[in-house]
Amino acid sequence: MMRRSTLVAAAVLWLVLAGCTRPAPPPASATTTTERGPYQLTLAAAPAEALVGDDITLTITVRTPTGTQVTLPVAEELGNLEAVLVDDPPPLPTEAGLTWRRTFRFVPLLSGPLDIPEVRIRYTSAPTENGVIAPAQDLYGGPLRVLVRSVLTAADDPAQPRDVSGTLVPPEPPVAHSPWFWLIAVGGPLLGGLLIGILAWLLLRWWRRPAPPIAPDVWALAAVDALPLPTEGDRDAARGFYYRLSEIVRLFIEKRFAIAAPEMTTEEFLTTLARSRQPVPFETVGLTDLLHESDIVKYAAALPTRTAAERARATARTFVHAAATAARHAEAAAQRRDRGELEGAA
C-alpha cells in the first residue's frame, strides 16, 4: 500500500514539474547545411519567426579549398521573395581555405509558413598539378522554412477592425532662417544689453554728480543767520560767537575776492583790503569796529551784551550783502564794457 502511494506522489510531482517547465524559445535563425567533400553550403534565415512586415535576412555561406572559384546565386533566383542584395564581400581566406558569403533581405507580407526555395551554387575546383581544370559543378542547399506571424491578436477580427487610436502627424521640417533672422536674434539682445549698460552708467554718473557750488554771499548770509546769539553773561559763548562771526566775514572775502583774510591779523587784513584793486565796498568804520570788537572779545576776554552781539551780526549781514551786490554790478559793468570794445573793434 505504501509503495503504491509513493508511486502516485512521484507521478503527481512529475506532472507538476512538467507543467511548470517553460517552453524552449524559438531558434534565432533557421539553418540548413549541405556538404560535398571539402565543399560546404550553409543557408541561414534570421529570424526564424517574424511578424508580417519585419525584415528577414538570408545569408548564403560557402566554404571551399583555396583556389576554388564560386558563383553565388542572385536575387532573381530566390523565387517570389523579392529579395534585395545587402552584402557581398570578397572571399575571406581562412586556415581551411576560402569562405564566400552573400546576404539578401526580404519582407514577408503574408502570415504563415514561408518557404525559401532551394538555391544552387556553381564552383570550379582548383587546377591539378598538370594544369587540368575540372568542369564546373553544382551544389544545392535548402529549401528552408521560416514562420511569419500576424500582428493581429486573438481579440482582433479582420471583418471588424478596431478604431484608429490617433493620427500620426509627421514631424515638421526644420525652418531655414535667413541671415537677417540670426542677425536680429543674436545682435538684438547684445545691442539691448549695451544700451541698458550705457543708460545705467549715465544714471549712476548723474546720481554721483557733485552738488552745484553755493555762491559765497548765499553761504555767508545763511551762516550768519544760523549763528545763535550768546547768552547774557556767558563769556565762553560770547567768545565763540564773535570768533565764528569774524571767521565767516573773512572766509566770505576770501571766497568772493580771493584775499587770504583768515591767515591775517585784523590790521593786516584791513590794510590789504584797502590796497586791493578788487571793488570791495565796505564801511570802514563799521567793518573796523566789528573786527576790533571781535578781537577784544576773543583775546581780551571782554563780555559784550546781547544787544552788542545783535548789532555785530547785523553789521556782518549788511557787509556781506553790500559787498556781493557791488561785486555783481561791477562784473556786469565790465561785461558791458568788454562787449562795447568788441563791437567798436568790429
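One can find the structure itself at the top, above this paragraph.
Draft legend 1. Quick peek at the overall build of the chain. Along its length, the chain carries 7 helices and 12 strands. Here the chain holds 346 residues, and the buried ones make up 26% of them. Sequence-distant contacts, at least 24 apart, represent 65% of the contacts inside the chain between residues at least 6 apart. When the accessible surface of the chain is summed, it comes to about 24,000 Å², and 61% of that surface belongs to carbon and sulfur atoms.

Draft legend 2. Structural view of the pairing of strand 10 (residues 119-124). Only one face of strand 10 is covered, namely the one carrying Val119, Ile121 and Tyr123; the face carrying Arg120, Arg122 and Thr124 has none of its residues buried. With 3 bridges joining them, strand 5 (residues 69-71) and strand 10 adopt antiparallel strand pairing. Note on strand 10: the bridge partner recorded for Thr71 is Arg122. As judged from the 5 bridges shared by strand 10 and strand 11 (residues 137-141), these two strands associate in the antiparallel manner. Bridge pairing in strand 11 links Tyr123 to Gln137.

Draft legend 3. Up close: helix 4 (residues 235-257). In this model, helix 4 (23 residues) spans 33 Å end to end at C-alpha, consistent with the 33 Å of a helix rising 1.5 Å per residue. Those residues of helix 4 lying buried are Ala238, Phe241, Tyr242, Leu245, Ser246, Ile248, Val249, Arg250, Phe252, Ile253 and Phe257. The N-cap of helix 4, judged by a side-chain oxygen 3.4 Å from the amide nitrogen of Asp236 a few residues on, is Asp234. Looking one or two places after helix 4, you find Ala258, whose phi comes out positive at around 60°.

Draft legend 4. Seen up close, the packing of helix 3 (residues 216-226) against helix 4. Two elements in contact, helix 3 and helix 4, have axes separated by 9 Å at closest approach and are oriented at 175°. Accordingly, the angle class assigned to the pair helix 3 and helix 4 is roughly antiparallel. Taking contact as the criterion, the partners of Pro216, Asp217, Trp219, Ala220, Ala223 and Val224 in helix 3 are, on helix 4, Arg244, Leu245, Ile248, Leu251, Phe252, Lys255 and Arg256. Taken together, the residues of the contact of helix 3 with helix 4 sort by class into 9 nonpolar, no polar and 4 charged.

Draft legend 5. The arrangement of the environment of Leu270 in detail. Among the structural elements, Leu270 can be located in helix 5 (residues 266-275). Those residues in contact with Leu270 that lie beyond four places of it in its chain are Thr288, Leu291 and His292.

Draft legend 6. Here's a closer look at the nonpolar core. Among the nonpolar cores identified, the biggest contains 30 residues, and Leu245, Phe252, Ile253 and Phe319 are the most heavily contacted of them. Listed in part, the 27 residues of the second largest apolar core include Ile60, Leu72, Leu98 and Phe104.

Draft legend 7. View of the pattern of salt bridges. Counting across every chain of the model gives 10 salt bridges. Across the pair Glu49 and Arg149 runs a salt bridge whose closest N-O atoms are separated by 3.1 Å. Here Glu49, found in strand 3 (residues 49-51), pairs with Arg149, found in strand 12 (residues 144-149); they are 100 residues apart in sequence, far enough to count as distant. On the basis of relative accessibility, which here comes to 43%, the residue Arg149 falls in the partly exposed class. The shortest N-O distance in the salt bridge between Asp138 and Arg122 comes to 2.8 Å.

Draft legend 8. Structural detail: the side chain of Thr61. Among the secondary structure elements, Thr61 is positioned in strand 4 (residues 56-64). Excluding residues within four positions of it along the chain, Thr61 makes contact with Gln40, Leu41, Thr42, Thr99, Trp100 and Arg101.

Draft legend 9. Seen up close, a nonpolar patch on the surface. On the surface, Leu191, Leu194, Leu195, Ile198, Trp201 and Leu202 cluster together into a nonpolar patch covering about 610 Å² of accessible area. Within the secondary structure, Ile198 is located in helix 2 (residues 179-207).

Draft legend 10. Seen up close, unusual backbone geometry. For the bond from Ala46 to Pro47, the omega torsion is 0°, close enough to zero to count as cis. By the secondary structure assignment, Pro47 is in the loop between strand 2 (39-46) and strand 3. Phi angles above zero are rare outside glycine, and Glu82 is one such case at about 55°. Within the element layout of this structure, Glu82 appears in the loop between strand 5 and strand 6 (84-87). You can call Glu82 exposed: its relative accessible area is 69%.

Calculation criteria
Residues numbered from 1 in each chain as written. Predicted model: local features only at pLDDT ≥ 70, side-chain atom pairs only at ≥ 80, totals over all residues. Heavy atoms only, no water. Helix = DSSP H or I, 4+ residues; strand = E, 2+ residues; numbered from the N terminus. Buried < 20%, exposed > 50% of the residue type's maximum accessible area, 1.4 Å probe, protein only. Contact = heavy atoms within 4.5 Å. Areas by Shrake-Rupley, 256 points an atom, 1.4 Å probe, with all protein chains shown as cover. Pairing = 2+ DSSP bridges. Expected span 1.5 Å × (residues − 1). Polar contact = N/O pair within 3.5 Å; in protein donor to acceptor, adjacent residues only side chain to side chain. Axes fitted to C-alpha atoms, helices over the stretch in contact; angles between N-to-C directions. Parallel < 35°, antiparallel > 145°, perpendicular 65-115°, else oblique. Nonpolar A, V, L, I, M, F, W, Y, C, P; charged D, E, K, R; others polar. Core = buried A, V, L, I, M, F, W, Y, C linked by side-chain atoms within 4.5 Å. Salt bridge = Lys/Arg side-chain N within 4 Å of Asp/Glu carboxyl O. Patch = residues over 30% accessible without salt bridge, like charges linked within 9 Å, V, L, I, M, F, W, Y side chains within 5 Å.

Everything listed here is a matter of coordinates, which is why it stays silent on function.
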